[in-house]
Amino acid sequence: MTTNETHGKAGTAAGTVLAAATGATGLVAGVWFAYACSVMPALARSDDLVFVEVMRNINDVIQNPVFFTAFFGALILTAVSAWQLRRTRARGPLLAALVLCLAVFVVTSAASVPLNDALAAAGDPTKARADFEAPWVAWNLVRAVLTVAGLGCLLGAMRRR
């Protein structure tokens, strides 16, 4: 598909998917950003019991259809968009965005979720916090940087399209 062929119904659909991927990625970037600049610094002021209780509550309630739609939607929609626009000038930034979305998924699956699970199962709040806080904050920052970079790539794809 050439750039001229991205107009019409197929082009409109591809543009809609790209816009949805960009929106979902922006929402996910906002979640990681909010943790980095407000949630975790606020919890850092709390005692161990409060920290653990609140993080457990957050980890429970974030598992909901609204968050999952944005989180999985960012990856799926970016993949679909990369496929739809694979023969256009948007291909490069879309492939970069897809790699970054996959990296966020891997970091979440391999680092953040296991830390959340360990926190949920832990007994002593002081030890639980000591084992959880620093690595979780670091991995969240990695997710934030990767997601913002992916968002930048998607915005670049929109511009090129």
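Since the structure is predicted, the reported quantities are computational estimates derived from the model, not experimental observations.

Turning our attention to the state of the cysteines. What makes a disulfide is a covalent bond joining the sulfur atoms belonging to two cysteines. The full count for this structure, using the stated rule, is zero disulfides. Cysteine 101 takes part in no disulfide bond, and the closest cysteine sulfur, belonging to cysteine 153, lies 9.2 Å away.

Moving on: the packing of helix H3 (residues 65-84) against helix H4 (residues 91-121). Where H3 meets H4, the axes come as close as 9 Å, and the angle between the chain directions of the two elements is 150 degrees. As far as their axial angle goes, H4 and H3 are roughly antiparallel. Note that H3 runs across H4; the crossing there is left-handed. Contacts from Phe71, Phe72, Ala74, Leu75, Thr78, Ala79, Ser81 and Ala82 in H3 reach Leu94, Leu95, Ala97, Leu98, Cys101, Leu102, Val104, Phe105 and Thr108 in H4. When the residues that make up the contact of H3 with H4 are grouped by side-chain class, the tally is 14 nonpolar, three polar and no charged.

This part covers the environment of phenylalanine 67. Along the chain, phenylalanine 67 turns up in helix H3. What makes phenylalanine 67 buried here is its relative accessible area of 13%. Once residues lying within four places of it in the same chain are set aside, the contact partners of phenylalanine 67 are Val31, Trp32 and Ile62.

Detailed reading of the predicted coordinates is not advisable wherever pLDDT is low. Here the protein chain shows a mean pLDDT of 94. Residues at 70 or above account for 94%. Taken together, the stretch residues 1-6 has pLDDT below 50 and engages in 11 contacts with residues farther than four places along the chain or on a different chain.

Here the focus is the side chain of glutamate 133. With respect to the secondary-structure elements, glutamate 133 resides in helix H5 (residues 125-160). At a separation of 2.8 Å, a polar atom in the side chain of glutamate 133 contacts the side chain of arginine 129. When residues no more than four places from it in sequence are discounted, the contact partners of glutamate 133 are Ala44 and Phe51.

Here we come to the nonpolar core. One finds Trp32, Met40, Phe51, Met55, Leu94, Phe132 and Trp136 to be the most contacted residues of the largest nonpolar core, which totals 36 residues. Broken down by secondary-structure element, the contributors of at least two residues to this core are helix H1 (8-44), helix H2 (48-61), H3, H4 and H5. Here this core gets nine residues from one element, more than from any other, and that element is H4. Leucine 94 has contacts with Leu18, Thr78, Ser81, Ala82, Leu85, Leu154 and Ala157, leaving out every residue within four places of it along the chain.

Further remarks concern H3. Maximum bend of H3: about 35 degrees, positioned at glycine 73. Those residues of H3 lying buried are Phe67, Ala70, Phe71, Gly73, Ala74, Leu75, Thr78, Ser81 and Ala82. Measuring from the side-chain oxygen of the N-cap residue of H3 to the backbone nitrogen of valine 66 gives 2.9 Å; that N-cap residue is asparagine 64.

Calculation criteria
Within every chain, residues take consecutive numbers counted from 1 along the sequence as written. Only residues with pLDDT of at least 70 are given local features in this predicted model, and only at 80 or more are side-chain atom pairs given and counted; all residues enter the totals for whole chains, interfaces and linings. To get the side-chain values, all heavy atoms of the structure are used, and hydrogens and water are removed first. In this description, the term disulfide denotes a pair of cysteine sulfurs within 2.5 Å. Every angle, taken between N-to-C directions, lies between 0 and 180 degrees, and every axis is a line fitted to C-alpha atoms, over only the stretch in contact when it is a helix. Under the scheme used here, helices are H or I runs from DSSP no shorter than 4 residues and strands are E runs no shorter than 2 residues, and both carry numbers assigned from the N terminus. To sort the angles, those under 35 degrees are grouped as roughly parallel, those over 145 as roughly antiparallel, those from 65 to 115 as roughly perpendicular, and the leftovers as oblique. A crossing counts as left-handed when the near helix is turned anticlockwise from the far one by less than a right angle, and as right-handed when that turn is clockwise. Every residue pair with non-hydrogen atoms within 4.5 Å of one another is taken to be in contact. The classification used treats Ala, Val, Leu, Ile, Met, Phe, Trp, Tyr, Cys and Pro as nonpolar, Asp, Glu, Lys and Arg as charged, and all other residues, Gly among them, as polar. Throughout this description, buried means an accessible area under 20% of the type-specific maximum (1.4 Å probe, protein chains only), exposed means over 50%, and partly exposed covers the range between. A residue's pLDDT is simply how confident the predictor is in it, with values from 0 to 100. Nitrogen and oxygen atoms within 3.5 Å of one another constitute a polar contact, given that in protein one can donate a hydrogen and the other can accept it, and given that sequence-neighbouring residues count only through two side-chain atoms. Take the buried residues of types Ala, Val, Leu, Ile, Met, Phe, Trp, Tyr and Cys, join any two whose side-chain atoms come within 4.5 Å, and each joined set is a nonpolar core. Note on bend: the value at a residue is the angle between axes fitted to the seven residues ending there and to the seven starting there.

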